[in-house]
Amino acid sequence: MKNHFVLMLVFSVCTSLVLSFIAKKSVKERTRYFLSLLGAFVVLSVLASWLMFPFPF
Amino acid sequence: MKMQREPTAEVRNQAESAADISPRTVGVCIAGALIPGLGHAILGKWDRALVFLFSIACLFGMGLYLQGTLFSPAIQTVTALLKFFADAGAGLFYWIALLGGLGKGNPTSYTYDYANVFLYVAGLLNMLVVMDVFDIAMGRKQ
């Protein structure tokens, strides 16, 4: 498994799961927080990579 | 003349709760630091325990699989010290892997940087998990 996007997804899912279980109590709150965190991880990572694409290093 | 201020209610509460740390609280924190989620399991929080164990084991295992480096306690620089602390936060996973000869790392690997981030984050998340179990054991959180 060397696909960077898949690795980023695995990382995001595991990290978001732990943080949502630490930060929230109810299932509904945890689900919302998990999805928000996961979305933020994925969208911001893709955005950052897109912004860095023209850099020569 | 120097006026001595009365301690605020918050400071008093902190001092009182520091005195209330029981051996059981220390025990669950140590258990959680050694094996992610074990502290929560001892306190009966099985859902959290399983999620923490699965997620941190997954991150740590992926870090090793992707050829990341486990930084040993033989510290050369400040950054190496910080990396060691981050890695060692994973508890027994770190020590078993290190003593088992895993985590040599391959800097030429395509996924080396990713792998190191997986290993650091596994350790750092376990530190957060230990703080969470401390709060639960102290009755500050359910």
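Residues numbered from 1 in each chain as written. Chains lettered and ligands numbered in written order. Predicted model: local features only at pLDDT ≥ 70, side-chain atom pairs only at ≥ 80, totals over all residues. Heavy atoms only, no water.

Student: Could you clarify how one ought to interpret the overall build of chain B in this entry?
Tutor: When helices and strands are counted, chain B shows seven helices and zero strands. Going residue by residue from the N terminus, the α and β elements of chain B occur as α-α-α-α-α-α-α. Counting across all 142 residues of chain B, residues that qualify as buried make up 40%. Partitioning the contacts of chain B with sequence separation of at least 6, the portion at a separation of at least 24 is 72%. Only carbon and sulfur atoms are counted for the fraction: they give 66% of the accessible area of chain B, which is about 8,300 Å². (Helix = DSSP H or I, 4+ residues; strand = E, 2+ residues; numbered from the N terminus. Buried < 20%, exposed > 50% of the residue type's maximum accessible area, 1.4 Å probe, protein only. Contact = heavy atoms within 4.5 Å. Areas by Shrake-Rupley, 256 points an atom, 1.4 Å probe, with all protein chains shown as cover.)

Student: Help me understand the pattern of salt bridges, please; the structure alone is not making it clear to me.
Tutor: Two side chains with opposite charge may pair up if their charged atoms get near one another. Residues and elements named next belong to chain B. Under the definition given, this model contains four salt bridges over all chains. One salt bridge connects Asp132 with Lys141, and the closest N-O pair in it is separated by 2.2 Å. When its relative accessible area of 22% is taken as the criterion, Lys141 is described as partly exposed. Arg140 is the salt-bridge partner of Asp135, the closest N and O atoms lying 3.3 Å from each other. (Salt bridge = Lys/Arg side-chain N within 4 Å of Asp/Glu carboxyl O.)

Student: Would you take a moment to explain the packing of aromatic side chains for this structure?
Tutor: Two aromatic rings, taken as a pair, are described by how far apart their centres are and by the angle between their planes. Enumeration over the complete set of coordinates arrives at eight aromatic pairs over all chains. Ring geometry for A:Phe11 versus A:Phe41: centroids 6.0 Å apart, planes at 85 degrees, classification edge-to-face. Placement of A:Phe11 in helix α1 (residues 4-23) and of A:Phe41 in helix α2 (residues 27-52) is noted, with a sequence separation of 30 residues between them. On the basis of relative accessibility, which here comes to 15%, the residue A:Phe11 falls in the buried class. For the ring pair B:Phe84 and B:Phe85, a centre distance of 5.6 Å and an interplane angle of 45 degrees mean the geometry is tilted. Classification of B:Phe84 as buried rests on a relative accessible area of 10%. B:Phe85 gets classed as partly exposed once you look at its relative accessible area, which sits at 46%. (Phe/Tyr/Trp six-rings, centres within 6.5 Å; stacked < 30°, edge-to-face > 60°.)

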